[in-house]
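Given next are the chains, with one letter for each unit.
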Protein chains: 2
Amino acid sequence: MQNKPHLYTVLSPKLLSLYPVEGAVVVIIDVFRATSTIATALYNGASKIIPVDDVEKCKALGAQLNAITAGERDGKVIEGLQYGNSPAEYPRSFIEGKTLVLTTTNGTKLLHMALHAGAAEVVTGSFPNLNAVVAFLQAQNKPVILGCSGWKDRFNLEDTLFAGAVIQQVAEQFTIHCDASKMAVELYTAQQATMQQYIRQTTHWHRLSKFGLDKDLEYCVTPNVANVLPRYVNGELIAS
Amino acid sequence: MQNKPHLYTVLSPKLLSLYPVEGAVVVIIDVFRATSTIATALYNGASKIIPVDDVEKCKALGAQLNAITAGERDGKVIEGLQYGNSPAEYPRSFIEGKTLVLTTTNGTKLLHMALHAGAAEVVTGSFPNLNAVVAFLQAQNKPVILGCSGWKDRFNLEDTLFAGAVIQQVAEQFTIHCDASKMAVELYTAQQATMQQYIRQTTHWHRLSKFGLDKDLEYCVTPNVANVLPRYVNGELIAS
């Protein structure tokens, strides 16, 4: 019993420093929509994805690598970039074999924070690659941090629900003394049968659906439609 | 509709700066056990309670005011102080007419943070004074921040449950665009019928119950047994 590794859920990047990140596998979660898009693009054959936190870096790196640049603010492609944050923009016919430089805000920040705090591995998760994340955590037998990106550092429901979906499957293999994990798995268990309806009540849905992104958001909470594991290695997310 | 004031739930003191505190009524929540003890002592006739964040300040102020000093670490009275953090230590026969200087950690810190951020009113809440808090928020018609003290800045279930209990009663009078509030009220609604059992699964219960505090903890989640409103005025909590 005592030898099971610990698992914690971190509800906001601002809380990461309170948890034992060193030596842990950190799962970066940004369901609407960065980590859903990352899983989808890699699943559809993108050679790699470079997440950056800044639009100018994105443009510069895109030019240097002859890569696709992508990023949105308020539901629109950022001026000077080529594509948006929608998983639907990255079918195999378009993205296979290509490099994507993606600007995200909370997700990228959290990823860098996890590395600085000594994470053993950083991977990304969302519903489309739920089982790939679960299988990886089960195989590693290392401590786990489920890191929710939130919205501007605030708690959000969709990232917490994904943490709960992971915990529901891996709980028996971990020591979980963590109220946030308990809450997350209870929330997910209560809502999983009606996720497509439930998620419409989140604040993020209200912000994004006015941009006509309903289909996108529904996809982002659909489990296992892009089961690949994005691992962050030397500044790049690659499929594993 | 649009004119209803906003209500937000802040799940950790570390997240307070993300929310619009200025001009709001801030409810400080520290169910196990500071705000339960505060409500109980004032309900039983304490003339005032001075919350301090430091043991030496507590001793100095106690001597200066000829007041009762109280504080615990790990379930034991701190050396040099007279009493602990248990609501059961403050019956009317003992506390009536007296001043209590109470050291708390997270609760006092959050209280000072709320004042610095421009809160219009700071009050304290826990299950024993649930309806007093609800009635006050309904009467004020001001924006509300429900501030959970958490445990060492981590999310905890018991403070979140109390936030949910408040929201369940006041939701119709407020504009609530806040995923944390939605989660809190769902959690409380799901668990309220079996709170005495549910609360035994929290990490805080596991930390405190080994000190023989089960009765204390049960009391702290019992609604409306000490319905007074502690308001923070000029450095003192007084009954309102």
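A look at the overall build of chain A
Within chain A one finds 10 helices and 11 strands. Whereas a compact globule of 240 residues would reach a radius of gyration of roughly 18 Å, chain A reaches 17 Å, a difference of no more than 12%. Once the C-alpha set of chain A is aligned to its principal axes, its extents read approximately 50 × 40 × 30 Å. Across the 240 residues in chain A, those meeting the buried criterion constitute 57%. Expressed as a percentage of contacts within chain A between residues at least 6 apart in sequence, the contacts between residues at least 24 apart total 78%.

A closer look at the pairing of strand E8 (residues 121-125) of chain A
All names here are of chain A. In terms of residue burial, E8 counts as a mostly covered element, since 4 of its 5 residues are buried. Note: strand E2 (residues 25-29) against E8, 5 bridges, orientation parallel. Paired with Val26 across the two strands is Val122, which belongs to E8.

Concerning the interface of chain A and chain B
Taken together, the contact between chain A and chain B spans 22 residues of the former and 22 residues of the latter. Among the elements that make up the side of chain A that touches chain B, the one with the highest residue count is helix H7 (residues 179-191) of chain A (6 residues). Looking at the side of chain A that touches chain B, its residues break down into 10 nonpolar, 6 polar and 6 charged.

Remarks on unusual backbone geometry
All names here are of chain A. Here the bond from Phe32 into Arg33 is cis, since omega is 0 degrees, no more than 30 degrees from zero. Turning to its location among the elements, Arg33 is positioned in the loop between E2 and helix H1 (34-43). Despite not being glycine, Asn141 shows a phi value in the positive range, around 55 degrees. Residue position: Asn141 is located in the loop between helix H5 (130-140) and strand E9 (144-148). On the neighbour-count criterion, Asn141 (13 C-beta atoms within 10 Å) is partly exposed.

Overview of the relation of the copies chain A and chain B
Rotating chain A by 180 degrees and translating it 0.0 Å along the rotation axis places it on chain B, where the RMSD comes to 0.0 Å. Here the transformation between the copies is reduced to the relation of a two-fold axis. Minimal C-alpha distance to the rotation axis in chain A is attained by Lys14 of chain A, lying at 3.5 Å. A shared interface surface links the copies, since 100% of the contact residues of chain A are contact residues in chain B too.

Notes on the environment of Asn85 of chain A
Residues and elements named next belong to chain A. Within the fold, Asn85 resides in the loop between strand E6 (76-77) and helix H3 (92-95). Classification of Asn85 as buried rests on a count of 25 C-beta atoms within 10 Å. In this structure, the C-alpha to C-alpha distance between Asn85 and Ala60, residues 25 residues apart in sequence, is 18 Å. When neighbours within four sequence positions are excluded, Asn85 is seen to be in contact with Arg33, Ala34, Thr37, Ala70, Gly71 and Glu72.

Some remarks on the packing of helix H5 (residues 130-140) of chain B against helix H6 (residues 157-170) of chain B
All names here are of chain B. Two elements in contact, H5 and H6, have axes separated by 10 Å at closest approach and are oriented at 45 degrees. By the angle class used here, H5 and H6 are oblique. Remark: the crossing between H5 and H6 carries right-handed chirality. On the side of H5, the interface is formed by Leu130, Val133, Val134, Leu137 and Gln138, while H6 contributes Ala165, Val166, Gln169 and Val170. Each residue belonging to the contact of H5 with H6 can be placed in one class, and the counts come to 7 nonpolar, 2 polar and no charged.

Some thoughts on the pairing of strand E11 (residues 236-239) of chain B
All names here are of chain B. Burial along E11 is one-sided: Leu237 and Ala239 are buried, while Glu236 and Ile238, pointing the other way, are not. Alignment of strand E10 (residues 230-233) against E11, held across 4 bridges, turns out to be antiparallel. Bridging across to E11, Pro230 finds its partner in Ala239.

With respect to the confidence of the model for chain A
Summary statistics for chain A give a mean pLDDT of 95 and a share of 99% for residues scoring 70 or more. Per the prediction output, this complex has pTM 0.96; the corresponding ipTM is 0.95.

A word on the environment of Ser240 of chain B
All names here are of chain B. With respect to the element layout, Ser240 can be found in the segment after E11. Counting along the chain gives 11 residues from Ser240 to Leu229, while the straight-line C-alpha distance between them is 5.1 Å. Sequence-distant contacts of Ser240, that is, excluding residues within four places in its chain, are made with Leu229 and Arg231.

Thoughts on the environment of Lys48 of chain A
Residues and elements named next belong to chain A. Along the chain, Lys48 turns up in strand E3 (residues 48-52). Judged by local crowding, Lys48 falls into the buried class, with 20 C-beta atoms found within 10 Å. Considered as a pair, Lys48 and Val101 are 53 residues apart in the sequence and their alpha carbons are 8.6 Å apart. Excluding residues within four positions of it along the chain, Lys48 makes contact with Thr99, Glu236, Leu237 and Ile238.

A short note on H6 of chain B
Residues and elements named next belong to chain B. End to end, H6 covers 20 Å across 14 residues, agreeing with the expected 20 Å (1.5 Å per residue, within 8%). With respect to burial, H6 is a largely interior element, 12 of its 14 residues being buried. Looking only at H6, the buried set comprises Leu157, Glu158, Asp159, Thr160, Leu161, Phe162, Ala163, Gly164, Ala165, Val166, Ile167 and Val170.

Criteria and cut-off values
- Residues numbered from 1 in each chain as written.
- Chains lettered and ligands numbered in written order.
- Predicted model: local features only at pLDDT ≥ 70, side-chain atom pairs only at ≥ 80, totals over all residues.
- Helix = DSSP H or I, 4+ residues; strand = E, 2+ residues; numbered from the N terminus.
- Rg over C-alpha atoms; globule rule 2.2 N^0.38 Å.
- Buried ≥ 20, exposed ≤ 12 C-beta atoms within 10 Å, placed from the backbone.
- Contact = placed C-beta atoms within 7 Å.
- Pairing = 2+ DSSP bridges.
- Nonpolar A, V, L, I, M, F, W, Y, C, P; charged D, E, K, R; others polar.
- Least-squares fit on C-alpha atoms with pLDDT ≥ 70 in both.
- Axes fitted to C-alpha atoms, helices over the stretch in contact; angles between N-to-C directions.
- Parallel < 35°, antiparallel > 145°, perpendicular 65-115°, else oblique.
- Left-handed = near helix turned anticlockwise from the far one by under 90°.
- pLDDT = per-residue confidence, 0-100.
- Expected span 1.5 Å × (residues − 1).

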